[in-house]
Amino acid sequence: MRFVAVDAFFHPAILLVAGSCVAILLAVGGARVMDGSASLGSFVAFASYLGMLTWPMIAAGWMLTLVQRASASMDRINALLHTREEAGRRSGSADVPIKGLIEVRALTFSYPGQPGPALRDLSFRTEAGGALGLGGEVGSGKSTVVQLLGRLYDPPAGTLFLDGRDVLDIPLDDLRRAIAYVPQEAFLFSDTIAENLRLAKADAADDELREVCSRAALHEEIQAFPRGYETLLGERGITLSGGQKQRLCLARALLKPAPILVLDDTLSAVDSRTERKILRELRSVAGIRTLVVISHRVSAVRDLDRILCLRRGAVIQAGTHAELSSVPGFYRDMVELQEEE
């Protein structure tokens, strides 16, 4: 904001100074030429010099705004570099394999600096190998649940458990290794498709890459590229469409040998036919991995074991698709609206 203020001040200020100089030159220099105290040649030379000085003045102001922008960027870099390593290990914690049982007990959570809680008295349980769907309005707290599960923010002690262990007692490395997470915004690196996939499993064979991409309904499209899996992607996957980026990130998560798979509105940019194909493949994951699906689309959660509907951080409905569709409420309204669409 300081940069914006300086930038907004300098541009009109420089134009004002340059215009004022020309006005002064015309007034003072013109009067001297008329009374004979200065020659016309001197006046023209002075005007030329004044014009030559205008661009350096503009460049000086531009450099100052660049310094302000660099200063703001450096503050952000320093804040990251000076951040201490996350403290996530309590004494006595043991490295025990995580199976995927998720339990939340009366969880109330507020983001730092926010006035109200993002989650209010939230409780649910998902068995290892189960499938849970989270639906609700924008800002209802769906993504907050998975951020707390991966400890991007620390939940209050005694509220969030994996396999009966408080997540605060699980080493961060072990906790995050156990979760394959596909965020709302797909993130890819400027590397080949194969190397982007192998971020999840460095020693993955080519057959494994093809298998997970087939599950994500992407294999045929990759094969159509001139270099196939060796196709080089642009920064953040700019050479792919939105749906292709989402499916590539999904394939990467499927490749990761993690007991918990979290999909945060992963299929929002995918057409309905491709979505149905992917969901059929994801059903094969049920029973092997614990599946948590966040979506505002009923089609993405209807076949899961249990669905929670959130509003303002609290559960307003819970049950299966059949149970929730049979009673008036938010879920049935959402079903009817999307069927009409």
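Everything below is about the structure shown above.
Attention here is on the structure that accompanies the text. (Residues numbered from 1 in each chain as written. Predicted model: local features only at pLDDT ≥ 70, side-chain atom pairs only at ≥ 80, totals over all residues. Heavy atoms only, no water.)

**Regarding the sheet that holds strand β9 (residues 306-311)**
Which entries qualify depends on this criterion: A strand pair is defined by DSSP finding two or more bridges across the two strands. Helix numbering and strand numbering both begin at the N terminus, where a helix is a DSSP run of H or I of at least 4 residues and a strand a DSSP run of E of at least 2. Axis angles are defined between N-to-C directions and span 0 to 180 degrees, where every axis is a line fitted to C-alpha atoms and, for a helix, only to the segment in contact. By the convention used here, residues are in contact when the closest approach between their heavy atoms is within 4.5 Å.
Ordered in space as β6-β7-β8-β3-β9-β10, the 6 strands form an open sheet in which the pairing is mixed. Bordering the open sheet on either side are β6 (179-182) and β10 (314-319), each of which pairs with just one other strand. When strand polarity is set aside, the average angle formed by the axes of neighbouring strands in this sheet is 15 degrees. Two strands pair when backbone bridges link them, and strand β3 (residues 131-136) and β9 are joined in this way by 5 bridges, in the parallel orientation. Note that in β9 the partner of L134 across the bridge is L308. This element, helix α3 (residues 142-149), spans β3, β6, β7 (260-264), β8 (290-294) and β9 of the sheet and lies at about 145 degrees to β7.

**Section: the pattern of salt bridges**
Oppositely charged side chains can pair when the atoms bearing their charge come close. Using the following cut-off: Counted as salt bridges are all cases of a side-chain nitrogen of Lys or Arg within 4 Å of a carboxyl oxygen of Asp or Glu. Throughout this description, buried means an accessible area under 20% of the type-specific maximum (1.4 Å probe, protein chains only), exposed means over 50%, and partly exposed covers the range between.
Tallying each qualifying case throughout the model produces 13 salt bridges. Two residues, R151 and D154, come together in a salt bridge whose shortest N-O distance is 2.7 Å. R198 is paired through a salt bridge with D206; the nearest N and O atoms lie 2.8 Å apart. Taking relative accessible area as the criterion, R198 reaches 17% and is therefore assigned buried. If you follow the salt bridges from partner to partner, you end up with E103, R105, R125 and E127 in one network.

**As for the packing of helix α1 (residues 2-35) against helix α2 (residues 40-81)**
Counted only if it meets this: Roughly parallel means an angle under 35 degrees; roughly antiparallel, over 145; roughly perpendicular, 65 to 115; everything else is oblique. Polar here means any residue other than Ala, Val, Leu, Ile, Met, Phe, Trp, Tyr, Cys and Pro, which are nonpolar, and Asp, Glu, Lys and Arg, which are charged; Gly is therefore polar.
With their axes 10 Å apart at the nearest point, α1 and α2 run at an angle of 170 degrees to one another. One way to sum up the angle between α1 and α2 is to call them roughly antiparallel. Looking at the contact of α1 with α2 residue by residue, the classes come out as 19 nonpolar, 6 polar and 4 charged.

**Structural notes on the environment of A38**
Here A38 is to be found in the loop between α1 and α2. Judged by its relative accessible area of 27%, A38 is partly exposed. Between the C-alpha atom of A38 and that of D121, which follows or precedes it by 83 residues, the distance is 85 Å. If we ignore the near neighbours within four places in the chain, the residues touching A38 are R32 and V33.

**Quick look at the nonpolar core**
Considering soluble globular proteins, one finds that nonpolar side chains tend to be buried as a cluster. Basically, it comes down to this: Side-chain atoms within 4.5 Å are what join buried Ala, Val, Leu, Ile, Met, Phe, Trp, Tyr and Cys residues into a set we call a nonpolar core.
Ranked by size, the top nonpolar core spans 48 residues in total, and within it L197, L261, L282 and Y331 carry the most contacts. Beyond its immediate sequence surroundings of up to four residues, L282 is in contact with L250, L254, L261, L263 and L291. Formed by 28 residues, the second largest nonpolar core is a distinct cluster that contains L119, L122, L149 and L162.

**Some points on the packing of aromatic side chains**
Rules: Under the pairing criterion, centres of Phe, Tyr and Trp rings, with the six-membered ring standing for Trp, must be within 6.5 Å; the plane angle then separates stacked pairs below 30 degrees from edge-to-face pairs above 60, leaving the rest tilted. Here, a charge over a ring is recorded when the distance from Lys NZ or Arg CZ to the ring centre is within 6 Å and its angle to the ring normal is within 35 degrees.
This structure, assessed with the given rule, holds 4 aromatic pairs. Arranged with centres 5.0 Å apart and planes meeting at 75 degrees, the rings of F187 and F189 form a pair that is edge-to-face. One aromatic cluster is present, formed by F109, Y111 and Y153 through successive ring pairs. The ring of F161 has R105 lying over it, and the distance from NZ or CZ to the ring centre is 3.9 Å.

**Quick look at the sheet that holds strand β5 (residues 165-166)**
Taken together, the 4 strands give an open sheet; going across it, the order is β2-β1-β4-β5, and neighbouring strands pair in antiparallel fashion. Where the open sheet ends on each side, the last strands, each with one partner, are β2 (119-126) and β5. In this structure, strand β4 (residues 160-162) lies alongside β5, joined through 2 bridges in antiparallel fashion. If you follow L162 over to β5, its bridge partner there is R165. Of the strands in this sheet, β1 (102-109), β2 and β4 touch α3, which is tilted by about 65 degrees from β2.

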